[in-house]
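The lines below spell out each chain.
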Amino acid sequence: MRKKTLLASIASFLLLLHLLSPIQAQDIAEDVVSFANTQGLSLIKEGLSKDPGGYGYANEAEISEVTVGEGMQIHFIDGAKLRTASDSLLETVTPQESWEFLILSSGVPRSKMVIQKDSNGSYQVTEFGGNPGTLAYAIQSLQAEGSVSEPTLIRERDEYIAAFKKDNQELIIVPQQASSAESKGLSSNSEPQPQENLIDVLQSLQNDSSDNGKDGSGTVASASNADNNTPLIRPIMISILIALAAVFVFWVYFRRRKPSSPM
């Protein structure tokens, strides 16, 4: 039932985008938008055309008609700031020289494109293709909120968090599978919600991380996996150790009771 509801929601969202005219990038520097619509678009058309079916397109003709849709600058969570965060996720993020754009086919998101600025100040396409679903939902959710301050798109590896302030309250939207959301106590309908719970989740994951060389913030999905798997593995391992200890004790006991063989 939940899967059907999720699919219906995605279908309705894609239909809405199809009925609307293609949206243009907002709040992005003009040179980034210009690169996306010229060199960037040419590069991804060339890349997608090498394997249309693998990227979810019918043929090269369909790829030739794709256009660049909405895009936003990407922010990463700073691990050091996350450690001391209490009631603000926005204060932990750092803007990146990276922008993600939706790639539209007949007005519907079909792929995404990542543009980054290198050390020489030049733009380049670093990623293309992939499932644009959660990126599209995050951007559309921010737009649907209307007048907000500090609209921010946070990328946690392959996941997205939309954060913003409305009526002086900081809120987040985390597009994800219902089961993943419920395992962390988050709303599964992607409605705006306070950010404190997500901060707690990311801080817990950060504290449990054995890789101190990374930012420690992990991802929303990895938080779900940690919540689901760690409690299960631990009791299993403890049960196995107890069973082995019991076998060893019985083996010693019966060996001592066994009479010696006559000479």
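Coordinates for the structure precede this section.
What counts and what doesn't
- Residues numbered from 1 in each chain as written.
- Predicted model: local features only at pLDDT ≥ 70, side-chain atom pairs only at ≥ 80, totals over all residues.
- Heavy atoms only, no water.
- Helix = DSSP H or I, 4+ residues; strand = E, 2+ residues; numbered from the N terminus.
- Buried < 20%, exposed > 50% of the residue type's maximum accessible area, 1.4 Å probe, protein only.
- Expected span 1.5 Å × (residues − 1).
- Polar contact = N/O pair within 3.5 Å; in protein donor to acceptor, adjacent residues only side chain to side chain.
- Contact = heavy atoms within 4.5 Å.
- Core = buried A, V, L, I, M, F, W, Y, C linked by side-chain atoms within 4.5 Å.
- Phe/Tyr/Trp six-rings, centres within 6.5 Å; stacked < 30°, edge-to-face > 60°.
- Lys NZ or Arg CZ within 6 Å of the ring centre and 35° of its normal.
- Pairing = 2+ DSSP bridges.

Participant: Explain the side chain of S141 here, please?
Facilitator: Within the secondary structure, S141 is located in helix 5 (residues 133-144). Using a relative accessible area of 5% as the deciding quantity, one classes S141 as buried.

Participant: Looking at this model, I keep getting lost on helix 5. Mind explaining?
Facilitator: Because an α-helix packs 3.6 residues into every turn, residues spaced three or four apart end up facing the same way. The end-to-end C-alpha separation of helix 5 is 16 Å, in line with the 16 Å expected for 12 residues at 1.5 Å each. Looking at helix 5, one finds that the buried residues are L135, A136, A138, I139, Q140, S141 and L142. Following helix 5 by one or two positions, G146 adopts a phi angle in the positive range, close to 75 degrees.

Participant: Honestly, the side chain of S105 in this entry has me stumped. Any pointers?
Facilitator: Along the chain, S105 turns up in strand 2 (residues 93-105). Among the polar contacts listed, one links the side chain of S105 to the side chain of E62, at a separation of 3.2 Å. With near-sequence residues (within four places) excluded, S105 lies in contact with Y57, E62, V66 and R110.

Participant: Would you mind going over the nonpolar core with me for this structure?
Facilitator: What tends to happen in soluble globular proteins is that the nonpolar side chains get buried as a cluster. Counting 18 residues, the largest nonpolar core has V68, F101, I103, M113 and I115 as the members making the most contacts within it. Contributing elements (two or more residues each) for this core: helix 2 (30-49), strand 2 and strand 3 (108-117). Setting aside chain neighbours within four positions, we find I115 in contact with V32, F35, A36, E97, S98, W99, F101, Y123, Q124 and V125. Core analysis: the second largest hydrophobic core is formed by 15 residues, I74, A136, I139 and I173 among them.

Participant: Is there a simple way to explain the packing of aromatic side chains in this structure?
Facilitator: The description of an aromatic ring pair uses the distance of the two centres, along with the angle that the planes make with each other. For the structure shown, the criterion picks out 3 aromatic pairs. Aromatic side chains F35 and Y123 sit 5.9 Å apart centroid to centroid with 40 degrees between the ring planes, which places their arrangement in the tilted category. On the criterion of sequence distance, the pair formed by F35 in helix 2 and Y123 in strand 4 (residues 123-129) is long-range, its members being 88 residues apart. Each of the two residues, F35 as well as Y123, counts as buried. Look at W99 and Y123: their rings are 5.8 Å apart centre to centre, the planes differ by 75 degrees, and that puts the pair in the edge-to-face class. Here Y123 lies in strand 4 and W99 lies in strand 2, a separation of 24 residues in the sequence. In this structure W99 comes out as buried when scored by relative accessible area, which is 7%. Through a chain of ring-to-ring contacts, the aromatic side chains of F35, W99 and Y123 assemble into a single cluster. Here the basic side chain of R110 rests over the ring of Y57, its NZ or CZ set 4.7 Å away from the ring centre.

Participant: In this structure, what is going on with the pairing of strand 6 (residues 159-166)? I would like to understand it.
Facilitator: Side-chain positions along a regular strand alternate between the two faces of the sheet. Of all 8 residues in strand 6, 6 are buried, a share of seventy percent or more. Note: strand 5 (residues 149-156) against strand 6, 6 bridges, orientation antiparallel. Bridge pairing in strand 6 links E156 to E159.

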